[in-house]
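Notes for the structure review
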Amino acid sequence: MPPTTRLDRRRVAAVALDLLNETGLDGLTLRAIAKELDVKAPALYWHFKDKQALLDEMATEMVRRAAPGLGGDPDAADWQASLTSAMRGLRRMLLRYRDGAKVYSGTRFTDTSYAAPVEAQLRTLTEAGFAPAAAARALLTATSYTVGHVIEEQATGVGSGGVAEGYDLAARAERLRDFPLAAAAGEEMFQNHDAGFEAGLAAVVAGVGALR
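Quantities reported herein were computed from a predicted structural model and do not represent experimental measurements.

Considering the overall build of the protein
Summing up its helical and strand segments, the protein has 11 helices and zero strands in all. Ordered by position from the N terminus, the helices and strands of the protein form the series α-α-α-α-α-α-α-α-α-α-α. Expressed along its principal axes, the backbone C-alpha trace of the protein runs to roughly 65 × 50 × 25 Å. Out of the 212 residues belonging to the protein, those deemed buried represent 41%. Sequence-distant contacts, at least 24 apart, represent 70% of the contacts inside the protein between residues at least 6 apart. Surface accessibility of the protein: about 11,800 Å² in total, with carbon and sulfur atoms responsible for 54%. Across the protein, 24 positive and 27 negative side-chain charges occur, with their mean positions spaced 6 Å apart.

Quick notes on the packing of aromatic side chains
Tallied over the full model, the rule gives four aromatic pairs. When the centroid spacing of 4.9 Å and the interplanar angle of 25° are considered together, the rings of Phe 109 and Tyr 114 count as stacked. Here Phe 109 falls in the partly exposed class, since its relative accessible area comes to 27%. Judged by its relative accessible area of 34%, Tyr 114 is partly exposed.

Focus: helix H2 (residues 30-37)
Those residues of H2 that sit buried are Leu 30, Ile 33, Ala 34 and Leu 37. Looking down the long axis of H2, one finds its buried residues gathered within 100° of arc, a one-sided arrangement. Structural note: H2 exposes Arg 31, Lys 35 and Glu 36 on the side pointing more than 90 degrees away from its buried face. Close packing links the buried residues of H2 with helix H1 (9-27), helix H3 (41-44) and helix H4 (51-66).

Topic: the UniProt feature "DNA-binding region" (unreviewed entry) in the protein
The feature "DNA-binding region" (unreviewed entry), as annotated in UniProt, sits at residues 29-48 in this numbering. Along residues 29-48 one finds 60% helix and 0% strand; the C-alpha atoms at either end are 12 Å apart.

Re the UniProt feature "domain: HTH tetR-type" (unreviewed entry) in the protein
Residues given the UniProt feature "domain: HTH tetR-type" (unreviewed entry) here are residues 6-66. End C-alpha atoms of residues 6-66 are separated by 24 Å, and the span's content is 77% helix alongside 0% strand.

Description of the packing of helix H5 (residues 79-95) against helix H8 (residues 132-156)
The contact between H5 and H8 brings their axes to 10 Å, and the two run at 35°. Considering the relative orientation of H5 and H8, their crossing is right-handed. On H8, the residues that touch Leu 83, Met 87, Leu 90, Arg 91, Leu 94 and Leu 95 of H5 are Leu 139, Ala 142, Thr 143, Thr 146, Val 147, His 149, Val 150, Glu 153 and Gln 154. Per-class residue counts for the contact of H5 with H8 are nine nonpolar, four polar and two charged.

A look at the nonpolar core
Counting residues in each nonpolar core, the largest one holds 52 residues, and the members touching the most others are Ile 33, Met 58, Met 87, Met 93 and Leu 94. Of all the elements in the fold, those that place two or more residues in this core are H1, H2, H3, H4, H5, helix H6 (100-104), H8 and helix H11 (193-208). Those residues in contact with Met 58, other than ones at most four positions away along the chain, are Ala 13, Ala 16, Leu 17, Leu 20, Leu 28 and Val 103.

Focus on H8
Since the α-helix packs 3.6 residues into each turn, any two residues three or four apart lie on the same face. Along its 25 residues, H8 runs 37 Å from first to last C-alpha, staying within 8% of the 36 Å computed at 1.5 Å per residue. Backbone geometry just after H8 places Gly 157 at a positive phi near 90°.

A look at the confidence of the model for the protein
Put simply, the protein has an average pLDDT of 89, and 93% of its residues get 70 or more. Note on residues 159-163: pLDDT is under 50 here. Beyond four places in sequence and across chains, it has 11 contacts.

Some thoughts on the packing of helix H7 (residues 115-127) against H8
With their axes 9 Å apart at the nearest point, H7 and H8 run at an angle of 125° to one another. Taken together, H7 and H8 sit at an angle that is classed as oblique. Judged by the sense of rotation from one axis to the other, the crossing of H7 with H8 is right-handed. Taken together, the residues of H8 that come into contact with H7 (itself represented by Val 118, Gln 121, Leu 122, Leu 125 and Thr 126) are Pro 132, Ala 135, Ala 136, Ala 138 and Leu 139. Tallied by class, residues from the contact of H7 with H8 come to eight nonpolar, two polar and no charged.

Rules used in this analysis
Residues numbered from 1 in each chain as written. Predicted model: local features only at pLDDT ≥ 70, side-chain atom pairs only at ≥ 80, totals over all residues. Heavy atoms only, no water. Helix = DSSP H or I, 4+ residues; strand = E, 2+ residues; numbered from the N terminus. Buried < 20%, exposed > 50% of the residue type's maximum accessible area, 1.4 Å probe, protein only. Contact = heavy atoms within 4.5 Å. Areas by Shrake-Rupley, 256 points an atom, 1.4 Å probe, with all protein chains shown as cover. Lys, Arg positive; Asp, Glu negative; His and termini not counted. Charge placed at Lys NZ, Arg CZ, Asp CG, Glu CD. Phe/Tyr/Trp six-rings, centres within 6.5 Å; stacked < 30°, edge-to-face > 60°. Arc of directions from axis to C-beta. UniProt positions renumbered as here; feature names shortened; annotations may be inferred. Axes fitted to C-alpha atoms, helices over the stretch in contact; angles between N-to-C directions. Left-handed = near helix turned anticlockwise from the far one by under 90°. Nonpolar A, V, L, I, M, F, W, Y, C, P; charged D, E, K, R; others polar. Core = buried A, V, L, I, M, F, W, Y, C linked by side-chain atoms within 4.5 Å. Expected span 1.5 Å × (residues − 1). pLDDT = per-residue confidence, 0-100. Parallel < 35°, antiparallel > 145°, perpendicular 65-115°, else oblique.

Following this line, the structure appears as structure tokens:
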């Protein structure tokens, strides 16, 4: 009989992240994860008291895997470029997983994997003249924008080039024909998520400079 692979929190989280890409967050259940692991569902409750505890571990595993790209570019010319690099890294991480931004949002990390990237980002900001509290607010603001943007783009679906799938802009414009500015805004809001993210991030990074 082949040796049994030890069941631990990280292994469960890794399998859950793989399954997430197939089922999405709504379809992800402890029962489905247990089936993938070839164990009974109650075995998972030794490690996770509920689904939220599992999501916390999944978000932590996401950060463990992506941590080197989350601290900003150490060779960036200035704090703006470093913060922009960090937020691009965060977005890439979240987009690797179906509903990744929803999994990440509101969770509590189970270890300190996130601490080194956060420390690096805050150090860059404070060395650029931000007070510690202002640096924390700047980082939180940029992070909140990035997570929120990815939640929206994953909800609408993303095709090649970051273009939303399954969203009929012509039908939307027809519904809003009495509101021409709102109708025209759909082209900017629901097309090309990549360009939209970059435009919004540039505005956020410029804005948080006021905290300096």
